[in-house]
Amino acid sequence: MRKLTYYIACTIDGFIGDPEGDAASMYKYVDAPYLQYMNAEYPETIPTQARAAVGIDGDNKRFDTVIQGLKSYRLALDVNVTSPYSHLREFVATRSLTVSPDPNVELIADDLVGRVRELKAEDSPLDIWLCGGSTIAGELIEEIDELVIKTYPQVYGSGMPMFGAGFEPRDFVLDGVQTFDNGVLVRKYTRQR
């Protein structure tokens, strides 16, 4: 069974963006040592258009599939990129976008959980990356097997939470923490079932 990994950036207080979802204030923490680590450990999460510029090529290491919501996907569409992760199979969960703007992007309008379960059951050595956002993570919370949380040294006070879900404790086991001099932490957790 393949894992669904929620790989996400957030503030110390658990927000992935401001109330509209903008996380541009976090970009200043993407310095050379941090970027080198992320490119080596999670190369598939670099958009296709930027991979060559940062020296990434070749086979995928961790993921062969990405799932995101329309708000996350809209960031690419707004700069006329219809397949931001063309090196992966791309899925966008949306009820408002009815026709995919790219043949590599499959839209999921209904039964997101069922479609993710189908993807997890596929025979592949690589896993599935849940790119965001909050609403999609909330819908898929019971399907998430792993968290990779890039925590930036900022406090928002309010904004878009990591999970748009109701209250219910769910346990994870800490697998490791990578720290950087710029104050960023990358924590990896596995779901305790």
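Note that the structure is a prediction, hence the values are computed from the model and not measured. (Residues numbered from 1 in each chain as written. Predicted model: local features only at pLDDT ≥ 70, side-chain atom pairs only at ≥ 80, totals over all residues. Heavy atoms only, no water.)

Participant: Can you walk me through helix 1 (residues 32-41) in this structure?
Facilitator: Residue pairs three or four apart in sequence face the same way in an α-helix, which turns once every 3.6 residues. Along helix 1, the positions that sit buried rather than exposed are Y34, M38 and N39. Viewed end-on, helix 1 has its buried residues packed into an arc of 130 degrees, placing them on one side of the element. The outward face of helix 1, more than 90 degrees from its buried face, is lined by the exposed residues A32, P33 and Q36. Packing partners of the buried residues in helix 1 comprise strand 1 (4-11), strand 7 (146-152) and strand 10 (185-191). The backbone nitrogen of Y34 lies 3.1 Å from a side-chain oxygen of the residue at the head of helix 1, namely D31. (Buried < 20%, exposed > 50% of the residue type's maximum accessible area, 1.4 Å probe, protein only. Helix = DSSP H or I, 4+ residues; strand = E, 2+ residues; numbered from the N terminus. Arc of directions from axis to C-beta. Contact = heavy atoms within 4.5 Å. Polar contact = N/O pair within 3.5 Å; in protein donor to acceptor, adjacent residues only side chain to side chain.)

Participant: Explain the pattern of salt bridges to me, please; I cannot follow it from the model alone.
Facilitator: Any two side chains of opposite charge can pair, on the condition that their charged atoms come close. Using the criterion set out here, one finds 17 salt bridges in the structure. Of the charged contacts in the structure, one is a salt bridge between E146 and K3, with a shortest N-O distance of 3.3 Å. Here E146, found in strand 7, pairs with K3, found in the segment before strand 1; they are 143 residues apart in sequence, far enough to count as distant. For K3, a relative accessible area of 32% gives the class partly exposed. When salt bridges that share partners are traced, they join R117, K120, E143, D145 and R193 into one network. (Salt bridge = Lys/Arg side-chain N within 4 Å of Asp/Glu carboxyl O.)

Participant: Would you explain the nonpolar core in this entry?
Facilitator: Side chains of nonpolar character tend, in soluble globular proteins, to be buried together. With 23 residues, the main nonpolar core has L4, Y6, I67 and L130 as its most contacted residues. Mapped onto this core, the elements with two or more residues apiece are strand 1, strand 4 (89-93), helix 4 (112-121), strand 6 (127-132), helix 5 (134-139) and strand 7. Per element, the largest residue contribution to this core is four residues, and it comes from strand 1. Beyond its immediate chain neighbours, meaning those up to four positions away, Y6 contacts I16, L130, G132, G133, S134, A137, I144, E146, L147, V148, M162 and F163. (Core = buried A, V, L, I, M, F, W, Y, C linked by side-chain atoms within 4.5 Å.)

Participant: Just to check I follow, could you spell out the sheet that holds strand 4 for this structure?
Facilitator: Note: strands within a sheet are paired through backbone hydrogen bonds, in either parallel or antiparallel orientation. If you trace the eight strands from one edge of the open sheet to the other, you get 5-4-3-6-1-7-10-9, paired in mixed fashion. Sheet topology places strand 5 (105-108) and strand 9 (172-179) at the edges, where each strand pairs with a single neighbour. Each neighbouring strand pair of the sheet contributes to a mean axis angle of 25 degrees, computed without reference to strand direction. (Pairing = 2+ DSSP bridges. Axes fitted to C-alpha atoms, helices over the stretch in contact; angles between N-to-C directions.)

Participant: Any chance you could explain the packing of aromatic side chains here in plain terms?
Facilitator: Aromatic rings considered in pairs are described by the distance between their centres and by the relative angle of their planes. All told, the structure shown has nine aromatic pairs when counted by the stated rule. When the centroid spacing of 5.2 Å and the interplanar angle of 70 degrees are considered together, the rings of Y6 and F163 count as edge-to-face. Taken together, the residues Y6 in strand 1 and F163 in the loop between strand 8 (160-161) and strand 9 connect sequence positions 157 residues apart. Judged by relative accessible area, Y6 falls into the buried class, the value being 0%. Residue F163 is classed as partly exposed on the basis of its relative accessible area of 23%. Each ring, one from Y37 and one from F180, has its centre 5.3 Å from the other, and the planes form 65 degrees; the classification is edge-to-face. Linking Y37 in helix 1 with F180 in the loop between strand 9 and strand 10, this pair joins segments that are 143 residues apart in sequence. (Phe/Tyr/Trp six-rings, centres within 6.5 Å; stacked < 30°, edge-to-face > 60°.)

Participant: How do you make sense of unusual backbone geometry when you look at a structure like this?
Facilitator: Outside of glycine, negative phi angles account for most residues, and trans bonds account for most peptide bonds. Going from G132 to G133, the amide bond is cis rather than trans, its omega being 10 degrees. Tracing the backbone shows G133 in the loop between strand 6 and helix 5. A positive phi angle, close to 65 degrees, is found at N80, a residue other than glycine. Mapped onto the elements of the fold, N80 is located in the loop between helix 3 (70-77) and strand 4. Judged by its relative accessible area of 73%, N80 is exposed.

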